[in-house]
Amino acid sequence: MSSLNDFFEKVITVKWGPEKKSVDIIDQTLLPNTIKRIQIRTQEEIWEAIKKLRVRGAPAIGVSAAYGMAVIANDIPDEDYEGFYTKFKASKEYLATSRPTAVNLFWALNRMEDTVKANREKPVSEIRRLLYAEAEKIREEDVQISRNIGETGFRLMEELKEDGKELGILTHCNAGTLCSAKYGTATAPMYMALEHGWKGTDMHVYCDETRPLLQGARLTSFELYNAGITTSVQCDNMAALLMKTGKIKIIFVGCDRVAANGDAANKIGTSALAVLAHHYGVPMYICAPSSTIDMATPTGDDIPIEMRDPEEIKSMWYKEPMAPAGVDASFNPAFDVADHRLITGIITEKGLCSAPYEEAFRKFGIK
Ligand code: MRU
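Keep in mind the model is a prediction, meaning the values are calculated, not measured.

## Observations concerning the overall build of the protein
- A count of helical and extended segments in the protein gives 12 helices and 14 strands.
- Relative to the globule expectation of 21 Å for 367 residues, the C-alpha radius of gyration of the protein, 20 Å, shows essentially globular dimensions.
- If you line up the protein on its principal axes, its C-alpha atoms span 65 × 50 × 45 Å.
- Buried residues in the protein amount to 48% of all 367 residues.
- Taking the contacts inside the protein whose residues are at least 6 apart along the sequence as the reference set, 75% of them involve residues at least 24 apart.

Put into structure tokens, the structure is as follows:
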């Protein structure tokens, strides 16, 4: 496993910069061709990195926002609580405007603010120290959360594995090491399989390329291929045929926000996969840290969906424009919602949830 750990270390999504004065991230917009790390320090740099998807994926957005708030707090000069808190809160609210859908962003920012408020009687220097500790805790918890999700998902893989045959798995977007502190969520079952002694050739992971920003092709296939797992990339519109021909035995995807009824927002295209999976009888699981479950959001219709720049559709990936300049491409939602009635289950770090989801979440103490 040491080579896998070396790989995780090499592409680690978020870590502290020198002397913890900045946040060090791998710039995911450059992958897979260039592995470049950048250090971000000011609130504007952190906001830009999240908005532009240099760091992306729900858990990684949460961890980088937490790390970012610790670094920002360290640069606030005020030593009186009120002055410090006013500036901290303004930066927190600013970072919260970076992306609207992944609830982990707000969850992590609120944890950081709660740390400030709970320690208001302490010197500001101590509060700064506690913020670093809280951010670190959020990162460490994420590793354990992924492991737990991975163990549950791996047991489902074991049930489906036939001797001498590779297990066909489909995933969409990137819910891998690059979106988290270590194992990812949708990829955690695959990495756990390796830790349990499966060979990379015991499974075959089909990665949807994931238009328009190609997280599946650029990020997921990059990390699984480097981890030694048999990996293919295919265009999004090929998933139906893969399912129809029996190549896919199970689907794991991540999510950015799960509503109380189990509707799950994830990268655009996930809803179509859920419809296909239901039609072809392929089990489809949403891998969701409990921090991604938002009990205050009743259904998927209540989840805010980020709209992005039309140029992502029309001109980003080729030297020549991909559509006539005047053609409308303003419908560019970053996410859609998989209907809870179409999915098989939601894997959290606390265990596997089945419908009715609200009841299952509450049983696991998710409030
Ligand atoms: O726009 P992105 O790249 O941030 O979208 C990411 C996804 O949709 C992931 O599947 C999701 O955040 C889950 S990551 C565990």
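## Some remarks on the site of the ligand
- Inspection of the region around the ligand gives 18 residues, with Arg-56, Gly-57, Ala-175, Gly-254 and Lys-267 positioned closest.
- Of all the secondary structure elements, the ones that give two or more residues to the shell around the ligand are helix H3 (58-75) and strand S9 (264-267).
- Its residues assigned to classes, the shell around the ligand comprises nine nonpolar, six polar and three charged.

## Quick word on the UniProt feature "binding site: substrate" (unreviewed entry) in the protein
- Mapped onto this numbering, the UniProt entry gives "binding site: substrate" (unreviewed entry) at Arg-56, Gly-57, Ala-58, Arg-99, Gln-215, Asn-266 and Lys-267.
- Relative to the helices and strands, Arg-56 is located in the loop between helix H2 (43-51) and H3.
- In contact with Arg-56, not counting residues within four places along its chain, are Gln-28, Ile-61 and Cys-179.
- Its place among the elements puts Lys-267 in strand S9.
- Assessed through the 29 C-beta atoms surrounding it within 10 Å, Lys-267 is described here as buried.
- The contacts of Lys-267, once residues within four sequence positions are left out, are His-172, Cys-173, Thr-210, Gln-215 and Phe-335.

## Thoughts on the UniProt feature "site: Transition state stabilizer" (unreviewed entry) in the protein
- Here, UniProt's "site: Transition state stabilizer" (unreviewed entry) annotation points to Cys-173.
- For Cys-173, the location among the structural elements is in the loop between strand S4 (167-171) and helix H7 (188-195).
- Once residues lying within four places of it in the same chain are set aside, the contact partners of Cys-173 are Thr-210, Gln-215, Gly-216, Gly-254, Asn-266 and Lys-267.

## Re the packing of H3 against helix H4 (residues 81-95)
- Packing of H3 against H4 leaves a shortest axis separation of 10 Å and a crossing angle of 150°. One way to sum up the angle between H3 and H4 is to call them roughly antiparallel. Helix-helix and strand crossings are classified by hand; for H3 and H4 the assignment is right-handed. Two secondary-structure elements touch here, H3 through Ala-65, Gly-68, Met-69, Ile-72 and Ala-73 and H4 through Phe-88, Ser-91, Lys-92 and Leu-95.
- Of the residues assigned to the contact of H3 with H4, the class counts are six nonpolar, two polar and one charged.

## Observations concerning H4
- For H4, spanning 15 residues, the distance from its first C-alpha to its last is 21 Å, which sits close to the expected 21 Å at 1.5 Å a residue.
- Among the residues of H4, those classed as buried are Phe-88, Ser-91, Lys-92 and Leu-95. Mapping the buried residues of H4 onto a view down its axis gives an arc of 105°, with all of them on the same face. Seen from the open side of H4, the exposed residues pointing more than 90 degrees away from its buried face are Glu-82, Thr-86, Ala-90 and Glu-93.
- Buried residues along H4 sit in contact with H2, H3 and helix H5 (103-118).

## Side note on the packing of H2 against H3
- Interaxial distance between H2 and H3 falls to 10 Å at its minimum, and their mutual angle equals 175°. Classified by the interaxial angle, the pair formed by H2 and H3 is roughly antiparallel. Between H2 and H3, the contacting residues are Gln-43, Ile-46 and Ile-50 on the first element and Ile-61, Ser-64, Gly-68 and Ile-72 on the second.
- Residue composition of the contact of H2 with H3, by class: four nonpolar, three polar and no charged.

## A closer look at the domain arrangement of the protein
- Parsing the protein into structural domains produces domain 1 (12-141) and domain 2 (150-363).
- Between the C-alpha centres of domain 1 and domain 2 the distance comes to 26 Å.
- At the interface, 20 residues of domain 1 touch 27 residues of domain 2.
- Contributing elements (two or more residues each) for the side of domain 1 that touches domain 2: H3 and H5.
- When residues in the side of domain 1 that touches domain 2 are grouped by element, the largest group, five residues, is from H3.
- Here the side of domain 1 that touches domain 2 is built from residues that sort into 11 nonpolar, six polar and three charged.

Rules and cut-offs
Residues numbered from 1 in each chain as written. Predicted model: local features only at pLDDT ≥ 70, side-chain atom pairs only at ≥ 80, totals over all residues. Helix = DSSP H or I, 4+ residues; strand = E, 2+ residues; numbered from the N terminus. Rg over C-alpha atoms; globule rule 2.2 N^0.38 Å. Buried ≥ 20, exposed ≤ 12 C-beta atoms within 10 Å, placed from the backbone. Contact = placed C-beta atoms within 7 Å. Near = placed C-beta within 6 Å. Nonpolar A, V, L, I, M, F, W, Y, C, P; charged D, E, K, R; others polar. UniProt positions renumbered as here; feature names shortened; annotations may be inferred. Axes fitted to C-alpha atoms, helices over the stretch in contact; angles between N-to-C directions. Parallel < 35°, antiparallel > 145°, perpendicular 65-115°, else oblique. Left-handed = near helix turned anticlockwise from the far one by under 90°. Expected span 1.5 Å × (residues − 1). Arc of directions from axis to C-beta. Domains from an automatic or database assignment.

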